[in-house]
Amino acid sequence: MSATLAPPRTVTYREALREGLFEEMEADDRVILLGEDVGRYGGAYAVSRGLLERFGEHRVIDMPMSEALIVGAALGAAAVGARPVAEIMYMDFVTLVMDQLVNQAAKLHYMFGGQLTAPMVVRVQQGIGRGAGSQHSQSLEAWFAHVPGLKVVAPSTPADAKGLLKSAIRDDDPVLFIEHKGLYARKGEAAGPTHTVPIGLADVKRSGEDLTIVAWSNMVHTALAAAEELAREGVSAEVVDLRTIAPLDMATVLASVGRTGRLLIVHEAVRTAGLGAEIAAETAERHHGQLRAPVRRLATPDVVLPANTTLERELVPDADAVVAAARDLVRS
Amino acid sequence: MSVTASFGGREGRPPLVQLLTPEGERVEHPDFAFDLDDEAIKGFYRDLVLTRRVDFEATALQRQGELGIWASLLGQEAAQIGSGRALSAQDYAFPTYREHGVAWCRGVDPLQLIGLFRGVDQGGWDPRESNFHLYTIVIGAQTLHATGYAMGIQRDGLVGTGDPRRDAATIVYFGDGATSQGDVNESFVFASVYNAPVVFFCQNNQWAISEPIERQSRIPLYQRALGFGFPGVRVDGNDVLACYAVTKAALQRAREGSGPMLVEAFTYRMGAHTTSDDPTRYRLSEELEHWKLKDPIERVKAYLSRNGIVDAGFYAGVEAEADELAARLRAGCLSMPDPDPLSIFDHVYVETTPQLRQQREDFAGYLASFEGAH
């Protein structure tokens, strides 16, 4: 009987995040976790379950119901040496912390002449999939890509989630860490304790020759499913997972488009002034001569998101829509 | 009424306005009296039972996959029926997403609440008709709307005229967790300095999902009002008579032009925060057992029975009505059609923009491309 290699360990996205938090809190006692329902409850999406028991109330802090305070307090703690990870239950509630995040955290380092830093992570989750309605489903990453001083990441796989979370915690700038409610149960290969993913680096999740599909967060899996279908039709699609929203890794995108000559950007956020517009504009400015077809965006129409799950599914681009758009692009 | 009497606690215990004990005995309070007859109490009993049945049926529908989510009011029926029945027709109420009992009092068909939680519409009742605002989801935001509304009716001359059919007040519902939000505190400031006719009705149900009241406040919530410059009262939130009497007094005060008041209805969330929550993970069952003894319906039943006000036929009649209501809600829920996908474009703007019209056409074409595909 021959020895067999153990299959790679798989974990869910949720477990990978928990591992990342656990390892960073083990390694550095400046790392603290704060938010609503993060302690005893273990997080609204169960990411922080078990951390209170391990690290105690001093470091896993259940907070009063004030999002502004959660992020403001994290900033205050960060400014004097802590490395807080603040959780805001839904991306939609960042509207309540805009001053603390946009005017305060993002500008602290500059406005204090480099004397202070804000090494903090704000974890949020966004997206559709649970019929959570207009105020619990929005994808708002583009807002924060527009704020100098903030870093924004939106990983799609368990390994990237863990690796980027560890990098975000170690980063000296404020990082908005965007999870997706549709990803928590998704399984993928586990990453070891030394694994990190640098902020600002996109990843080619599938190589291809005929067109480049750029996506991030949950939409990467839609793009990959579409690429699989396209392969059956003889169309070879390359899927670039941005992973980081800001700073945007246009080098990876442009290198891919340089090879394929066609670009399709797919996002869950509504179309107008979404991140797709920025990627399209950058590509047009820098790669005009190499494009064999106009850049194409696929996004949710500019509507207010519904609670109805059937409507949700219809509105947000699915694999069929990506396949159809890719087909058009390749044939044009 | 004397509001100053309600500020301080006697013997270090916060005073609790109670007019009907958990055992069903009527008691007197120096500042607040229940001024209706036993017929009204029978009506309250019916309201309480039917409201609880709406809640029960909706919870069951959610568990069977027919609703996306449901926010249960179990345990808070008295706070909602008592305060809801204290409203005059011209008063305007701003709810959270849990005020199914207040909706009932305002004549909103519970089926419309079901439609909202089923995700087929946005509630659909006309707030101008019922004077019951549409549900507000983001915690505490509605306190600002209510304060603005109150400032509006004040400027419209609908306050302090002495005409009981004209003078109006606003009531806004929120929970203990919301009191930590900036919005709520800002609304307190504005309501106070403008002497706005608004009653802040806080249902302190002891839990903000998993965060206990101790995580929101070191002092009884009603005492916060004093710091903002208006009176606060803590009422037994499981006592429908006391909730009615206190809210009525607070509303009357507001209508007369004497400004805002904070009513803290001390109650308990007997169920989960919503159907997405599992409270056994963070609170002890003993606490639930303790509060079961203070059930808002049982005490009314005890009062009615003990004093021979009703016979078994009355209870059977209410039960039959509840069964009928539940059956109607269930059938109505199951027959609700999914909305047309293109309807999502209808209310983004009052008048659809050319850009959005184009997107609608593109989307219609995209949907049509699947016709006959499967």
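Residues numbered from 1 in each chain as written. Chains lettered and ligands numbered in written order. Predicted model: local features only at pLDDT ≥ 70, side-chain atom pairs only at ≥ 80, totals over all residues. Heavy atoms only, no water.

What is the right way to look at the domain arrangement of chain A in this model?
Accessible area lost upon the coming together of the parts serves often as the stated size of an interface. Residues and elements named next belong to chain A. Taken domain by domain, chain A holds domain 1 (10-189) and domain 2 (203-331). Taking only C-alpha atoms into account, the centre of domain 1 sits 26 Å from that of domain 2. Every contact between the two is made by 28 residues of domain 1 and, on the other side, 25 residues of domain 2. When the area that domain 1 buries against domain 2 is broken down by residue, the three leading residues are Ile-128, Glu-141 and Ala-154, summing to 24%. Where domain 1 meets domain 2, there are two salt bridges. The set of elements that each furnish at least two residues to the side of domain 1 that touches domain 2 consists of helix H5 (141-145), strand E6 (151-153) and helix H6 (158-170). By residue class, the composition of the side of domain 1 that touches domain 2 is 11 nonpolar, 12 polar and five charged. (Domains from an automatic or database assignment. Contact = heavy atoms within 4.5 Å. Buried area = accessible area lost by both parts, 1.4 Å probe. Salt bridge = Lys/Arg side-chain N within 4 Å of Asp/Glu carboxyl O. Helix = DSSP H or I, 4+ residues; strand = E, 2+ residues; numbered from the N terminus. Nonpolar A, V, L, I, M, F, W, Y, C, P; charged D, E, K, R; others polar.)

Is there a simple way to explain the domain arrangement of chain B in this structure?
Segmenting chain B into domains produces domain 1 (4-334) and domain 2 (343-374). Here the C-alpha centroids of domain 1 of chain B and domain 2 of chain B sit 41 Å apart.

What is the right way to look at unusual backbone geometry in this model?
Residues other than glycine predominantly adopt negative phi, and peptide bonds predominantly adopt the trans conformation. The residue after Ala-246 of chain A, namely Pro-247 of chain A, is reached through a cis peptide bond having omega 0 degrees. Tracing the backbone through its elements, the reader meets Pro-247 of chain A in the loop between strand E12 (244-246) and helix H8 (250-260). Of note in the backbone geometry, Asn-195 of chain B takes a positive phi value of approximately 55 degrees without being a glycine. Mapping Asn-195 of chain B onto the fold places it in the loop between helix H7 (182-193) and strand E3 (198-204). The backbone of Ile-209 of chain B shows a phi angle near 45 degrees, a positive value even though the residue is not glycine. Along the chain, the position of Ile-209 of chain B falls in the loop between strand E4 (207-208) and strand E5 (211-212).

I'm lost on a nonpolar patch on the surface in this one. Help?
Residues and elements named next belong to chain B. Taken together, the side chains of Val-189, Phe-190, Val-193 and Tyr-194 present a nonpolar region at the surface, about 370 Å² in accessible area. The topology assignment puts Phe-190 in helix H7. Accessibility expressed as a relative area gives 44% for Phe-190, which makes it partly exposed. (Patch = residues over 30% accessible without salt bridge, like charges linked within 9 Å, V, L, I, M, F, W, Y side chains within 5 Å. Areas by Shrake-Rupley, 256 points an atom, 1.4 Å probe, with all protein chains shown as cover. Buried < 20%, exposed > 50% of the residue type's maximum accessible area, 1.4 Å probe, protein only.)

So what exactly am I meant to see when it comes to the packing of aromatic side chains here?
Centre-to-centre distance and the angle between the planes together describe a pair of aromatic rings. Under the counting rule described, the total for this entry stands at 35 aromatic pairs over all chains. For the pair Trp-125 of chain B and Tyr-135 of chain B, a centre-to-centre distance of 5.5 Å together with 75 degrees between the ring planes defines the contact as edge-to-face. Note that Trp-125 of chain B is positioned in the loop between helix H4 (110-118) and helix H5 (127-130) and Tyr-135 of chain B in the loop between H5 and helix H6 (141-155), a separation of 10 residues in sequence. Each member of the pair, Trp-125 of chain B as well as Tyr-135 of chain B, carries the same accessibility label: buried. Put simply, the rings of Tyr-13, Tyr-45, Tyr-90, Phe-93 and Tyr-184 of chain A pair up and form one aromatic cluster. Positioned over the ring face of Tyr-41 of chain A is Arg-281 of chain B, at 4.4 Å from the centre of the ring. Residue placement shows Lys-301 of chain B over the ring face of Tyr-315 of chain B; its charged tip is 4.9 Å from the ring centre. (Phe/Tyr/Trp six-rings, centres within 6.5 Å; stacked < 30°, edge-to-face > 60°. Lys NZ or Arg CZ within 6 Å of the ring centre and 35° of its normal.)

Would you mind showing me how to read the packing of helix H7 (residues 219-232) of chain A against helix H11 (residues 319-331) of chain A here?
A pair of packed helices is captured by two measures, namely the crossing angle of their axes and the spacing between those axes. All names here are of chain A. Contact geometry of H7 with H11 gives a least axis separation of 8 Å together with a crossing angle of 55 degrees. One element, H7, and the other, H11, form an angle in the oblique class. Crossing angle aside, the handedness with which H7 passes H11 is right-handed. On the side of H7, the interface is formed by Thr-222, Ala-225, Ala-226, Glu-229 and Leu-230, while H11 contributes Ala-319, Val-322, Val-323, Ala-326 and Arg-327. Across the contact of H7 with H11, the residue classes tally to seven nonpolar, one polar and two charged. (Axes fitted to C-alpha atoms, helices over the stretch in contact; angles between N-to-C directions. Parallel < 35°, antiparallel > 145°, perpendicular 65-115°, else oblique. Left-handed = near helix turned anticlockwise from the far one by under 90°.)

What is the right way to look at the state of the cysteines in this model?
Working definition: the covalent bond between the sulfur atoms of two cysteines is a disulfide. All names here are of chain B. The final tally for this structure, using the stated rule, is zero disulfides over all chains. Between Cys-105, a free cysteine, and Cys-243, which holds the nearest cysteine sulfur, the sulfur-to-sulfur gap is 11 Å. According to the relative accessible area criterion, Cys-105 is buried, its value standing at 12%. (Disulfide = S-S within 2.5 Å.)

Before we go on, may I ask you to explain the layout of surface pockets in this structure?
Gaps left between atoms are located by rolling a probe of water-molecule size over the structure's atoms. Here the second largest pocket defines a volume of roughly 580 Å³. Lining the second largest pocket are 24 residues, with Arg-296, Leu-298 and Ala-299 of chain A together with Asp-362 and Tyr-366 of chain B sitting closest to its centre. Those elements that place two or more of their residues in the lining of the second largest pocket are strand E14 (296-300), helix H10 (309-315) and H11 of chain A together with helix H13 (354-368) of chain B. Considering each element in turn, the lining of the second largest pocket owes the most residues, six residues, to H13 of chain B. A breakdown of the residues in the lining of the second largest pocket according to their chemical character gives 12 nonpolar, five polar and seven charged. (1 Å grid on protein atoms, 1.4 Å probe; cavity = no way out; pocket = protein on both sides within 12 Å on 5 of 7 lines; lining within 4 Å. Points joined across faces, edges and corners; volume = space filled by probe spheres on them.)

What should I look at first to understand the environment of Val-197 of chain A in this one?
Residue and element names in this part refer to chain A. By the element assignment, Val-197 lies in the loop between strand E8 (187-189) and strand E9 (203-206). Take Val-197: its relative accessible area is 3%, and that puts it in the buried class. When the C-alpha positions of Val-197 and Ala-159 are compared, they lie 8.6 Å apart, and in sequence the two are 38 residues distant. Each residue touching Val-197, except ones within four places of it in the same chain, is listed here: Ala-159, Asp-160, Gly-163, Leu-164, Ser-167 and Arg-243.

What should I look at first to understand the interface of chain B and chain A in this one?
Every contact between the two is made by 36 residues of chain B and, on the other side, 35 residues of chain A. Taking both sides of the interface into account, the surface hidden between chain B and chain A amounts to around 3000 Å²; carbon and sulfur atoms contribute 56%. Between chain B and chain A we count zero salt bridges in total. The interface formed by chain B and chain A holds 14 residue pairs in polar contact (both at pLDDT 80 or more) in total. Going through the elements one at a time, E4, E5 and H13 of chain B are the ones with two or more residues in the side of chain B that touches chain A. It is H13 of chain B that provides the largest number of residues to the side of chain B that touches chain A, a total of five residues. Class assignment for the residues of the side of chain B that touches chain A results in 20 nonpolar, eight polar and eight charged. (Polar contact = N/O pair within 3.5 Å; in protein donor to acceptor, adjacent residues only side chain to side chain.)

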